[in-house]
Structures are given as structure tokens and as C-alpha cells.
Amino acid sequence: MENNNTQSVEPKKKKSPVFPIILAVVLIGGGIYGYNEYRYGQTHEETDDAQIASNMSPVISKISGYVAEVKVKDNQFVKKGDTLVILDNRDQKMVLDQSLAALSTAKSNISTAEASTTATSKNINSSQAAVATANAQIEAAKVNIWKTSQDLKRYANLVKDHSITEQQYEQALAAKQSADKQLQVLVDQRNQIAQQVGIASSQTAASSQQISVAHSVVKQREVDVENARLNLSYTVILAPEDGYVGKVPTQAGQFLQAGAQLFSLVKNDQKWVVANFKETQVDKMVEGQKVKIKIDAFPDQDFEGVVSSFSPATGSTFSILPPDNASGNFVKVVQRLPVKIDFTNLDKEIAKRLRTGMNVKAEVTLK
């Protein structure tokens, strides 16, 4: 009798080869991709810690004063020499007027000293002429003394012989004595005139020194005038370069200290990239290497650049409070080094649209 419970044997199903093939393709593709990425990473360094940079010029007040008028607004484009801020200039005008008055007085002192010198020079000439006249008179008096002396000798012999009267002898004696006194008077007068010449010469020398002093004072007053005019010009603050004005917090009536920064002027002449690479990335980086640049604001455009220079210190070193690893517990933190990258194909129109601080991705080709 046949056994109806005999079980039928079903054939085994064959495994599909699709999954292993897909897995193999994925593994092979992943390996190739990973290998390519590894090779690419060996010849490239990239960072997204990068920003657009440009020259920024601070607008500074060179003198203290109150703001009279602000001529610019936030984000306004200005050209070199445009008026930005006007300060109250009344104090500077008064100082300039005082300096001009002092200069005029100093110049008049020169005229006074020159006139005094001219007068003393004329006195010297007059005194010298008087000395010459006195000398001539002295010579004449000496001749008169000689004559009266000879007459007195003759009269003395004659009076002994009673050839002349005693009165005639006395007259000759009186003439001799008068001639002696006249000579003494003329000598004293000549000496007094000579002293006047010396005094006039001293006065002339003093007047000449006064002229030199007066000229020095004039130069000093001219410097004061120029300084006053310079300070007056500082009451009008001008744009040092072409560029865009940043935020303008300055208001009319505000008091400014000399050297205080009013706001910043972002120059529009040049743009570059500052990329902060990790210190472990810069081992093979050198100046002149090509850089691919992606700007977040222009995602559809590719930019090219070149490594221009490396910062002499890490970014944290230039911070307000640089780290001091010698104090407290030390925690090692990977530092970043700023690298300057210059554009090589930056369009002028796009350059005008770029703003300082825009985010950038930089990729350096190491070979």
C-alpha cells in the first residue's frame, strides 16, 4: 500500500546576482572616489574661514571742537576731497586774527628799529664832522699859542730895556694865557664830541641787534599765522580717498577730541581675500600658488587668485587679549594663520559690488 503522506521535494531558488553587483559597484566607486579625494587632498588645501578685505581709512579730527554740520550719510560714496564734516571755526578765526595782528606789530618794530639805526648813523656822521672841526680849531689854537709865546718872549726882553711899557707886556702875557685856555677848551670839546661818537656807535650797534631780533620775531609770528591757518583748515574734514562711508554716528553739536575717529571710509580701489588656514594646512603653501575662490554672494561665478603673502603671526596674537599659555591650565587649540590672496580675474563691475567682510571659500593648489 502506497504512503500518501510522502512529502514532495521542492527545488532550491537561485540567489539574484544584482545585489552583489550593486554592492561591488558601490564599493569600487567609493574606493575610487575616496582615492581621488585623498589624492586631491594631498595637492589642495581649502578653508571657508575667509572674507573679502579692502583698505579702510579712518576719518579723524585733527583738532578739538564742536560739530557744526555733517555733510554725509551712512553708506554714501564720496570722492577724494569731498567735505565730510564741518566744525565750529569761530575760535580758530579769532586765533588767526590775533596772529595776524601780532605779525603786523612785529613788522612795525622792524621799521622802528631801522629808523632808529638810520638816526644814530646820521648822529655818528655829524659827530665825526664835529670832531674834525674841533681838531682843526685845536691846530689853529696851537699856532696862536706859538705866536703869543714868541710875542711874550720879545715883550719880556723889551720891557727889561724899558723899550715898551709894562702895560704892553701885560697885554702880551694875557694874550698868551688866553691862547692856552682856548686850546684847553677846544681839547675838552673835542673829547666830549668823541664820546658822543662812541655813544652813537653803541646805539647803532644796539639798533642793528634790535633789527635782527625784530626779524626773528616776524618769522615766529609768520609761523603762528601759518599754524592758525592750518588749524582753521582742519575745521573742514575732507575725504582722504575715494570710497564708501561706513556708519556715521557723528551728530551736529557733538564735541570731538583731537585725534578722535569719527567713522571709517572703505576705499573702493582694491579688493583681496584674507583666508584663515589652520596651522596644519600651511606646511606646503608658498607665495605664488594658484587659488580657486568661491564667493557666497556670487555662487554661480568662479574666481581665481594667487597667494600673495602670509601673516607674520596667528590671528589670536593680534586680538585685544592675546592668549597667555604660561598662566593657568594649558589647552592646545589649533591656531589659524591669515593668508592674503590677490584676485587675478576680478571684473571691475563685480569688484564694485563686493563688500568687505563677505564670506569666501578659498582652495589653494599646492603643486
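These figures come from a predicted structure and were not determined experimentally.

**Observations regarding the overall build of the protein**
Turning to step 1, where the next piece is worked out: Each helix and strand counted, the protein has 4 helices and 12 strands in total.
Turning to step 2, where the next piece is worked out: Each of the 367 residues in the protein was classed as buried or not, and the buried ones make up 28%.
Turning to step 3, where the next piece is worked out: If you take every contact in the protein between residues at least 6 apart in sequence, the share linking residues at least 24 apart comes to 82%.
Turning to step 4, where the next piece is worked out: Surface accessibility of the protein: about 24800 Å² in total, with carbon and sulfur atoms responsible for 53%.

**Quick notes on unusual backbone geometry**
Turning to step 1, where the next piece is worked out: One non-glycine residue, Asn75, lies in the positive phi region at around 65 degrees.
Turning to step 2, where the next piece is worked out: Residue placement: Asn75 occurs in the loop between β2 (65-70) and β3 (77-78).

**Observations concerning the pattern of salt bridges**
Turning to step 1, where the next piece is worked out: Taken as a whole, this structure holds 7 salt bridges when the rule is applied.
Turning to step 2, where the next piece is worked out: A salt bridge links Lys361 to Glu46; the shortest N-O distance between them is 3.9 Å. A residue pair is termed long-range when its members are at least 10 positions apart, and Lys361 in strand β12 (residues 359-365) and Glu46 in strand β1 (residues 44-60) qualify at 315 residues.
Turning to step 3, where the next piece is worked out: A relative accessible area of 39% places Glu46 in the partly exposed class.
Turning to step 4, where the next piece is worked out: Arg221 is the partner of Asp224 in a salt bridge, and the nearest nitrogen-oxygen pair spans 3.4 Å. With a gap of 3 residues between them, Asp224 and Arg221 both fall in helix α3 (residues 166-233), about one helical turn apart.
Turning to step 5, where the next piece is worked out: Taking relative accessible area as the criterion, Asp224 reaches 32% and is therefore assigned partly exposed.

**Some remarks on the nonpolar core**
Turning to step 1, where the next piece is worked out: In this structure, Val273, Phe277, Ile293, Ile295, Ile341 and Phe343 are the most contacted members of the largest nonpolar core, which totals 23 residues.
Turning to step 2, where the next piece is worked out: Excluding residues within four positions of it along the chain, Ile295 makes contact with Ile52, Phe303, Phe343, Leu354, Asn359 and Val360.

**Here we look at a nonpolar patch on the surface**
Turning to step 1, where the next piece is worked out: A contiguous nonpolar patch, built from Val18, Ile22 and Val26 and spanning about 270 Å² of accessible area, is present on the exposed surface.
Turning to step 2, where the next piece is worked out: In this structure, Val26 sits in helix α1 (residues 18-43).
Turning to step 3, where the next piece is worked out: Residue class for Val26 comes out exposed when judged on its relative accessible area of 52%.

**Topic: the side chain of Thr235**
Turning to step 1, where the next piece is worked out: Position of Thr235 among the secondary structure elements: in the loop between α3 and β5 (236-238).
Turning to step 2, where the next piece is worked out: Sequence-distant contacts of Thr235, defined by excluding residues within four places in its chain, comprise Ile63, Val85, Ile86, Leu87, Asp88, Asn89 and Gln92.

**Digging into the sheet that holds β2**
Turning to step 1, where the next piece is worked out: Ordered by their spatial adjacency, 4 strands build an open sheet running β5-β4-β2-β7, and the pairing between neighbours is antiparallel. The outermost strands of the open sheet, each flanked by one partner alone, are β5 and β7 (255-256).
Turning to step 2, where the next piece is worked out: Summarising the sheet, strand β4 (residues 83-87) and β5 pair through 3 bridges and their orientation is antiparallel. Looking across to β5, one finds that Val85 is bridged to Ile237.

**Comments concerning the packing of aromatic side chains**
Turning to step 1, where the next piece is worked out: Per the counting criterion, the structure on display carries 3 aromatic pairs.
Turning to step 2, where the next piece is worked out: Pairing Phe303 with Phe343 gives two aromatic rings, centres 6.2 Å apart and planes at 75 degrees, and the pair type is edge-to-face. Of this pair, Phe303 sits in strand β10 (residues 298-310) while Phe343 sits in strand β11 (residues 336-343); the two residues are 40 residues apart in sequence, bridging distant segments of the chain.
Turning to step 3, where the next piece is worked out: Taking the relative accessible area as the measure of exposure, Phe303 reaches 3% and is therefore buried.
Turning to step 4, where the next piece is worked out: The ring of Trp272 carries Lys340 above its face, with NZ or CZ at 4.6 Å from the centroid.
Turning to step 5, where the next piece is worked out: Here Arg355 stacks its cationic end above the ring of Tyr244, 4.9 Å away from the centre of that ring.

**Brief notes about the confidence of the model for the protein**
Turning to step 1, where the next piece is worked out: Looking at the protein, pLDDT values average 82 and 84% of them are 70 or higher.
Turning to step 2, where the next piece is worked out: Highest mean pLDDT in the protein belongs to β4 (95); lowest belongs to α1 (74).

**Quick word on the environment of Phe298**
Turning to step 1, where the next piece is worked out: Looking at the secondary structure, you find Phe298 in strand β10.
Turning to step 2, where the next piece is worked out: Classification of Phe298 as buried rests on a relative accessible area of 8%.
Turning to step 3, where the next piece is worked out: Each C-alpha atom, one on Phe298 and one on Ile350, is 9.2 Å from the other, the two residues being 52 residues apart in sequence.
Turning to step 4, where the next piece is worked out: The residues contacting Phe298, other than those within four sequence positions of it, are Phe303, Ile350, Arg353 and Leu354.

**Some points on the side chain of Ser61**
Turning to step 1, where the next piece is worked out: Here Ser61 shows up in the loop between β1 and β2.
Turning to step 2, where the next piece is worked out: On the accessibility criterion, Ser61 (0% relative accessible area) is buried.
Turning to step 3, where the next piece is worked out: When sequence neighbours within four positions are dropped, the list of residues in contact with Ser61 reads Leu87, Ile237, Leu256, Gln257, Ala258, Gly259, Ala260 and Leu262.

Calculation criteria
- Residues numbered from 1 in each chain as written.
- Predicted model: local features only at pLDDT ≥ 70, side-chain atom pairs only at ≥ 80, totals over all residues.
- Heavy atoms only, no water.
- Helix = DSSP H or I, 4+ residues; strand = E, 2+ residues; numbered from the N terminus.
- Buried < 20%, exposed > 50% of the residue type's maximum accessible area, 1.4 Å probe, protein only.
- Contact = heavy atoms within 4.5 Å.
- Areas by Shrake-Rupley, 256 points an atom, 1.4 Å probe, with all protein chains shown as cover.
- Salt bridge = Lys/Arg side-chain N within 4 Å of Asp/Glu carboxyl O.
- Core = buried A, V, L, I, M, F, W, Y, C linked by side-chain atoms within 4.5 Å.
- Patch = residues over 30% accessible without salt bridge, like charges linked within 9 Å, V, L, I, M, F, W, Y side chains within 5 Å.
- Pairing = 2+ DSSP bridges.
- Phe/Tyr/Trp six-rings, centres within 6.5 Å; stacked < 30°, edge-to-face > 60°.
- Lys NZ or Arg CZ within 6 Å of the ring centre and 35° of its normal.
- pLDDT = per-residue confidence, 0-100.

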